[in-house]
Amino acid sequence: MAENGAAEGAATPQQLQMNILGQFIRDLSFENVMAQKGVGGEVQPDVNVQVALDAKKRSAENQFEVITKLTIESKNKVGGETLFMLELEYVGIFNIVGVPEDQLHPFLLIECPRMLFPFLRRIVSDVSRDGGFPPLNLDNIDFVAIYRNELARRQQAAAPAPEAVN
């Protein structure tokens, strides 16, 4: 007799499990351009943050590598001189079980980066502070919007170009 009143032989949905097996900085670069070039006077920073995401299946079963790449450039609003540049590639290794195949791609590029974001935020804050600037505390990143924008970009790129009319 099956437990919990489930009929024997009936397929039961697998419980979702996500574990972070590891996380690390793959690449980090910080350049204090302001100190190198001697930018002085009134400084009003304007910060531009670009986010790129990638995910790969690992050789071990149910394991995936999710990469978040940040490119941050701070420029002076007055004059437009670059103050600093920060590039960070942060990787999380996840064990994921129970996510249907058709939902795995968005799960990897939305939920996994969301889990890693507090660690990214701390690294950016520490590095910018240690680089001679006030700590840069990143606003929350909308990974759903990034995912949707990337899908739209890919669909547009895949669409055939309209033929020229002579």
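Refer to the structure printed above.
All residue numbers here refer to positions counted from 1 along the written sequence of the relevant chain. With pLDDT at 70 or above as the cut-off, local features in this predicted model cover only qualifying residues; side-chain atom pairs require 80 or more to be listed or tallied, and sums for whole chains, interfaces and linings still use all residues. Each side-chain value is derived from all of the structure's non-hydrogen atoms; neither hydrogens nor water enter the calculation.

Trainee: Quick question: what am I supposed to make of unusual backbone geometry here?
Mentor: Glycine aside, the phi torsion of most residues is negative, and most peptide linkages are trans. A positive phi angle is found at Asn62, which is not glycine, with a value near 65 degrees. Note that Asn62 resides in the loop between strand S2 (45–57) and strand S3 (63–76). Starting at the N terminus, helices and strands are each numbered in turn, a helix being any DSSP run of H or I of at least four residues and a strand any DSSP run of E of at least two.

Trainee: Looking at this model, I keep getting lost on helix H2 (residues 101–130). Mind explaining?
Mentor: Since the α-helix packs 3.6 residues into each turn, any two residues three or four apart lie on the same face. A helix is expected to span 1.5 Å for every residue after the first. Relative to the 44 Å expected for 30 residues at 1.5 Å per residue, H2 spans 43 Å between its end C-alpha atoms, a close match to the ideal helical length. At every residue, the bend is computed as the angle between two fitted axes, covering the seven residues ending there and the seven beginning there respectively. Taking the largest bend as the criterion, H2 deviates by roughly 50 degrees, centred on Phe107. Once H2 finishes, Gly132 follows within two positions and takes phi at roughly 100 degrees, a positive value.

Trainee: Honestly, the packing of H2 against helix H3 (residues 143–158) in this entry has me stumped. Any pointers?
Mentor: Helix-helix packing is described using two parameters, namely the angle between the two axes and the distance between the axes. One can describe the packing of H2 onto H3 by two numbers: an axis separation of 9 Å at closest approach and a directional angle of 145 degrees. Judged by the sense of rotation from one axis to the other, the crossing of H2 with H3 is right-handed. Between H2 and H3, the residues in contact are His105, Pro106, Leu109, Ile110, Pro113, Arg114 and Phe117 and Phe143, Val144, Tyr147 and Arg154, respectively. For the contact of H2 with H3, the residue count by class is eight nonpolar, one polar and two charged. Lines fitted to C-alpha atoms define the axes, with helix axes restricted to the stretch in contact, and inter-axis angles between N-to-C directions lie between 0 and 180 degrees. For any pair of crossing helices, the crossing counts as left-handed if the nearer helix is rotated counterclockwise from the farther one by less than a right angle, and right-handed if it is rotated clockwise. Note on contacts: a residue pair is in contact if any heavy atoms of the two residues lie within 4.5 Å. Charged residues are taken to be Asp, Glu, Lys and Arg, nonpolar residues to be Ala, Val, Leu, Ile, Met, Phe, Trp, Tyr, Cys and Pro, and polar residues to be all remaining types, Gly included.

Trainee: Sorry, what's going on with the sheet that holds strand S4 (residues 82–97) here?
Mentor: Hydrogen bonds along the backbone pair up the strands of a sheet, which may run parallel or antiparallel. Pairing between strands is defined by DSSP: at least two bridges between them are needed. Spatial strand order, S1-S4-S3-S2: four strands in an open sheet with antiparallel pairing. The outermost strands of the open sheet, each flanked by one partner alone, are strand S1 (17–31) and S2. The sheet shows a mean angle of 15 degrees between the axes of neighbouring strands, taken without regard to direction. Across 13 bridges, the pairing between S2 and S3 is antiparallel. By the bridge assignment, Val47 is partnered in S3 with Ser74. Packed on one face of the sheet, H2 meets S1, S2, S3 and S4 and runs near 140 degrees to S4.

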